[in-house]
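Breakdown of the fold
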2 protein chains.
Amino acid sequence: MATPQTGAGDPKRSLELLWREYEPQHSKPGPKPKLTVDRIVEAAITVADREGSCFGMRSVSNELGVGAMTIYRYVPGKKELIDLMVDRLSRIGPDAPDLAATDWRTALELVAESTWQVYSEHPWLLEVNQKRPVLGPDSLEGYDFVLGAFDSHDLPDREVNLAVTGLMNIVTGSARQYLIRDSAEDGPELSEAEWWEAQGPYLERAIASGRYPRVAKFSDEDSWDLTGHDAMRYAVDRFLDGLAPRMEASRRTPS
Amino acid sequence: MATPQTGAGDPKRSLELLWREYEPQHSKPGPKPKLTVDRIVEAAITVADREGSCFGMRSVSNELGVGAMTIYRYVPGKKELIDLMVDRLSRIGPDAPDLAATDWRTALELVAESTWQVYSEHPWLLEVNQKRPVLGPDSLEGYDFVLGAFDSHDLPDREVNLAVTGLMNIVTGSARQYLIRDSAEDGPELSEAEWWEAQGPYLERAIASGRYPRVAKFSDEDSWDLTGHDAMRYAVDRFLDGLAPRMEASRRTPS
DNA sequence: CTTCAATCGGGTACGTTGTACCCAGTAATA
DNA sequence: TATTACTGGGTACAACGTACCCGATTGAAG
């Protein structure tokens, strides 16, 4: 229960794993390893997609058909494994467009949409609590990729950083609100409709009490049923609206 | 480990608890209850502030000086308790200003700042994964309070909803990035400085590899050390910049 | 006052989690 | 062939949420 955190136990080992600096060409005694870190990470992602963020290490072992403790020969612990999984999922595909060749706004919208897509496919990502930024090779490449959207502008470096961080945080924040419920409904929890049906009478009574006048004023309309994607797009759109004048002012002249 | 979710087990009981519709005036046989739900919620918040989101039910019992299972006489389970804690923390103080009497922009900035403050004081809130919106009395009152910022405007209800949701998601998203690390460092985890010191060599080597040209181009500056609050403010400011023309266009004439 | 019944707090115990530890088997080197 | 490092598998433990039981307590009914 209750969301223990994801940080890094032994940072040295964790970073070695992230940057794949291990495996001394394997001319050591002993049997050859049956697994690889990458296979474990891939299997763990599969399991997490199925079981949600509360996936168990035993499930990962099972997915790989090995003993429960075998994984620990490759990965120091669950926290480090999650770090690897997170970094893996921020890998950008080979068919990614060149953001530098695109208008800055459509480029950033594209980044937001594709990030949203990743969250849709792996909602457990939103339930993971990273104590420290992971910054593995794939994350770094993703960041580098996004920076391409600012290539033809002279926005100060610091502000570029702020803009990218802000955009990602907007997408992540919106996704958390709306996508978490899609992941791994374990057991006797109820559906969306059932929840609102149960909650309805209480809300009606509360609104009828007059203690929430402003909510009451527009509660009977369908102003409520907005999808998560709508919410994300609205926030991103307003954010980009606000960013626009600064981008235009810093547009680099083609000289 | 790994973030099991917060939803609602039995919705009926959970909602009764949220709306405090229990306790039939106590003219029943049996000993008088030693505790109240509110005392439990308060104690649980104290414990969570100290131990982080991975606080244990036994710690709450201990804080109250009762047996481990006694809490379960009042609250069906941990998930429901967390729901109550979350709702409790979105209560607005009695000294809250009247947003309707304030300029819309400063009003929304105030909302963002005070939300940030709540997260600063209770970082474990950011680690909690709510599967369904809680919408208890305090949350609803908080929402009603925020709606006051739009009183003197004619923005469509749906867009008001989108704007408020967006603002909250921006604050929450930013807070998650930067505030989670402050909560409950349990055991042999390392400090911020140690982490960056350990990560530094890897990043330098990665950047030197030339695979991240854009990151390399502005990595040696101090464009990186932005505080979480800076990041939040930048995102909120751009969002409000983008919202501004729509707010101005919908300003209600004093007639 | 006695009896009944409902409800209290406390204690014990179970299943599940991450993972520390031990052990027998394997393969490269001397 | 003997040595030695390393493998995967199994057992075991502490901590967790919580189901369950039990004696004690207190109001209502006779």
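A brief structural summary. (Residues numbered from 1 in each chain as written. Chains lettered and ligands numbered in written order. Predicted model: local features only at pLDDT ≥ 70, side-chain atom pairs only at ≥ 80, totals over all residues. Heavy atoms only, no water.)

Quick notes on helix α6 (residues 137-147) of chain A
Burial of α6(A) is extensive: 10 of the 11 residues sit out of reach of the surface. For α6(A), the set of buried residues is Pro137(A), Asp138(A), Ser139(A), Leu140(A), Gly142(A), Tyr143(A), Asp144(A), Phe145(A), Val146(A) and Leu147(A). (Buried < 20%, exposed > 50% of the residue type's maximum accessible area, 1.4 Å probe, protein only. Helix = DSSP H or I, 4+ residues; strand = E, 2+ residues; numbered from the N terminus.)

Structural notes on the protein's contact with DNA strand D
In the region of DNA strand D, 28 residues are neighbours, and Gly67(A), Thr70(A), Tyr74(A), Lys32(B) and Lys78(B) sit closest. Interatomic distance of 2.8 Å between a backbone N/O atom of Lys34(A) and a phosphate oxygen of DNA strand D. The side chain of Lys78(B) places a nitrogen or oxygen atom 2.6 Å from a phosphate oxygen of DNA strand D. (Near = heavy atom within 4 Å. Polar contact = N/O pair within 3.5 Å; in protein donor to acceptor, adjacent residues only side chain to side chain.)

Digging into unusual backbone geometry
Of all residues except glycine, most have a negative phi; of all peptide bonds, most are trans. Here the phi dihedral of Leu135(A) falls at roughly 55 degrees; this positive angle occurs in a residue that is not glycine. In this fold, Leu135(A) is placed in the loop between α5 (104-121) and α6.

Digging into the interface of chain B and chain A
Contacts between the two partners involve 96 residues from chain B and, on the opposite side, 96 residues from chain A. For the pair chain B and chain A, the summed buried area comes to about 9000 Å², and 58% of that belongs to carbon and sulfur atoms. Considering only the surface of chain B that becomes buried against chain A, Arg132(B), Tyr202(B) and Arg214(B) emerge as the three largest contributors, covering 9% of it. The tally of links between chain B and chain A comes to six salt bridges. Of the charged contacts, one joins Asp151(A) and Arg214(B) as a salt bridge, the two residues approaching to 2.3 Å between their closest N and O atoms. The tally of links from chain B across to chain A stands at 20 residue pairs in polar contact (both at pLDDT 80 or more). Those elements that place two or more of their residues in the side of chain B that touches chain A are α1 (11-18), α4 (78-89), α6 (137-147), α7 (157-179), α8 (192-208), α9 (213-217) and α10 (228-249) of chain B. At 15 residues, α7(B) tops the list of elements feeding residues into the side of chain B that touches chain A. Residue composition of the side of chain B that touches chain A, grouped by class: 44 nonpolar, 20 polar and 32 charged. (Contact = heavy atoms within 4.5 Å. Buried area = accessible area lost by both parts, 1.4 Å probe. Salt bridge = Lys/Arg side-chain N within 4 Å of Asp/Glu carboxyl O. Nonpolar A, V, L, I, M, F, W, Y, C, P; charged D, E, K, R; others polar.)

Let's talk about the environment of Met168(A)
Residues and elements named next belong to chain A. Counting through the fold element by element, Met168 comes out in helix α7 (residues 157-179). Note on Met168: relative accessible area 28%, which makes it partly exposed. The spacing of Met168 and Ala112 is 56 residues in sequence and 7.1 Å in space, taken between C-alpha atoms. Leaving out residues up to four positions away in the same chain, Met168 has contacts with Val111 and Thr115.

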